[in-house]
Amino acid sequence: MAIAKEVAGAAGNNTVVGPSILISGKLTGDEDLTVRGRVEGELTLSKTLIVETTGVVKANVAVRNAIVSGVVVGNINATESVELTREGRMVGDIHAPRVIIVDGASFRGRVDMGEVEPGRVPASRPVVTRPMVRPGAVTVPSRPAIPVARGRPTPPPPPPPAARPAAKPVPPPPPPATATSGAAGAAGRGEPAAPVPPVVGAGAKKKVVVKKKAR
Amino acid sequence: MANTVIGSSIVIDGEISGDEDLVIQGTVKGKISLKESLFVEGSGVVEADIETQNVEIAGRVTGNIVASDKVELKQDCRVVGDIKAPRILIADGASFKGNVDMDQKER
């Protein structure tokens, strides 16, 4: 749209075809033309054609620039650029070195931009990096072990303090946990479970699914 | 009066029709039929049959003019063709060749 305003502003008196006007035949000129009505036949300009949202052009068009916000049925041959804006609808072929088709525009036909430099196309394509799936990060069952391991050590502590009365009242709880779990015979579940969960549990919950788009 | 303008460098060969005012600064060949007013400005050249409500001509017109209301030939215009309208004004300095029909009965 920036281009449209620029061009329209530059020309003081440009030709306007109003919304209720129908021109059928051949139209040529050396100035900008704004179409809000209908033009049918053949349209040749050495400047810019602007087809506004209410405009309908059913013609073979030869211009320098074309900005299409309305409807064009026919081929456009532009020496500079063709732009289909969000409201633009077009059926026909475009031949221009610069062709801009904005999201929302509808177009059916061929586009010919002339020679395309071979080096440009791959470079402009962004390199897509996708997160990889981590293999072997599935150790979910270890989770429930945590409450069990913690729940069980708490009852045992009371007896040890009784055994070692006043030496170290605070530190004992941790050592007893390992000691008691080992002593309680639950070593198979309790010992590995305690260190592992924080690391594996967090990673295991996230599953990343990568879909490759068919091209 | 932001309506249809045919700029001075524009050439139209064909037919123009519509329901709004039309200003011609360029060249039109063929046929013009409007339900409103047609203004042919000083730089305008029309080689066409014209059918409108009002016509004001300051440029050149070659062709027959039929207006449902008024035809006005301004000072420096050059018109060749027949004019048919209930009101026809020809200003001093206008050049005109053709028939004039102001017959009211047909309206």
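That block above? That's the structure.
This write-up is about the structure you can find in this document. Because the structure is predicted, anything quoted here is derived from the model rather than measured. (Residues numbered from 1 in each chain as written. Chains lettered and ligands numbered in written order. Predicted model: local features only at pLDDT ≥ 70, side-chain atom pairs only at ≥ 80, totals over all residues.)

Regarding the overall build of chain B
- Looking only at helices and strands, one finds zero helices and 13 strands in chain B.
- The contacts of chain B with a sequence gap of at least 6 include a subset with a gap of at least 24, amounting to 1%. (Helix = DSSP H or I, 4+ residues; strand = E, 2+ residues; numbered from the N terminus. Contact = placed C-beta atoms within 7 Å.)

Some thoughts on the overall build of chain A
- Check the secondary structure of chain A and you find seven helices and 13 strands.
- Relative to its 215 residues, chain A shows a buried fraction of 26%.
- In chain A, of all internal contacts separated by at least 6 residues, the share reaching a separation of at least 24 is 20%. (Buried ≥ 20, exposed ≤ 12 C-beta atoms within 10 Å, placed from the backbone.)

Topic: the interface of chain A and chain B
- With 20 residues of chain A at the contact, the number on the chain B side is 20 residues.
- For the side of chain A that touches chain B, the secondary structure elements donating two or more residues are β1 (15-17) and β2 (22-29) of chain A.
- Sort the elements by how many residues they give to the side of chain A that touches chain B and β2 of chain A lands first, with eight residues.
- A per-class count over the side of chain A that touches chain B returns six nonpolar, eleven polar and three charged. (Nonpolar A, V, L, I, M, F, W, Y, C, P; charged D, E, K, R; others polar.)

Comments concerning the pairing of strand β5 (residues 37-40) of chain B
Residue and element names in this part refer to chain B.
- Residues of β5 alternate between two faces, with S37 and F39 on one and L38 and V40 on the opposite face, all of them buried.
- Relative to β5, strand β3 (residues 22-24) is paired through three bridges, and the arrangement is parallel. In the sheet register, I24 faces β5, and the bridge partner there is V40.
- Here four bridges tie β5 to strand β6 (residues 45-57), and the two strands are oriented parallel to one another. Across the sheet, the residue bridging to L38 is V55, located in β6. (Pairing = 2+ DSSP bridges.)

As for the environment of I32 of chain B
All names here are of chain B.
- By secondary structure assignment, the location of I32 is in strand β4 (residues 27-34).
- For I32, a count of 25 C-beta atoms within 10 Å puts it in the buried group.
- Those residues in contact with I32 that lie beyond four places of it in its chain are I16, L38, A48 and I50.

Remarks on the nonpolar core
Residue and element names in this part refer to chain A.
- L49 and A66 are the most contacted members of the largest nonpolar core, which has 58 residues in total.
- With seven residues, the single largest contributor to this core is strand β6 (residues 56-68).
- In contact with A66, other than residues within four places in its own chain, are L49, V61, I76, A78 and V82. (Core = buried A, V, L, I, M, F, W, Y, C linked by C-beta atoms within 7 Å.)

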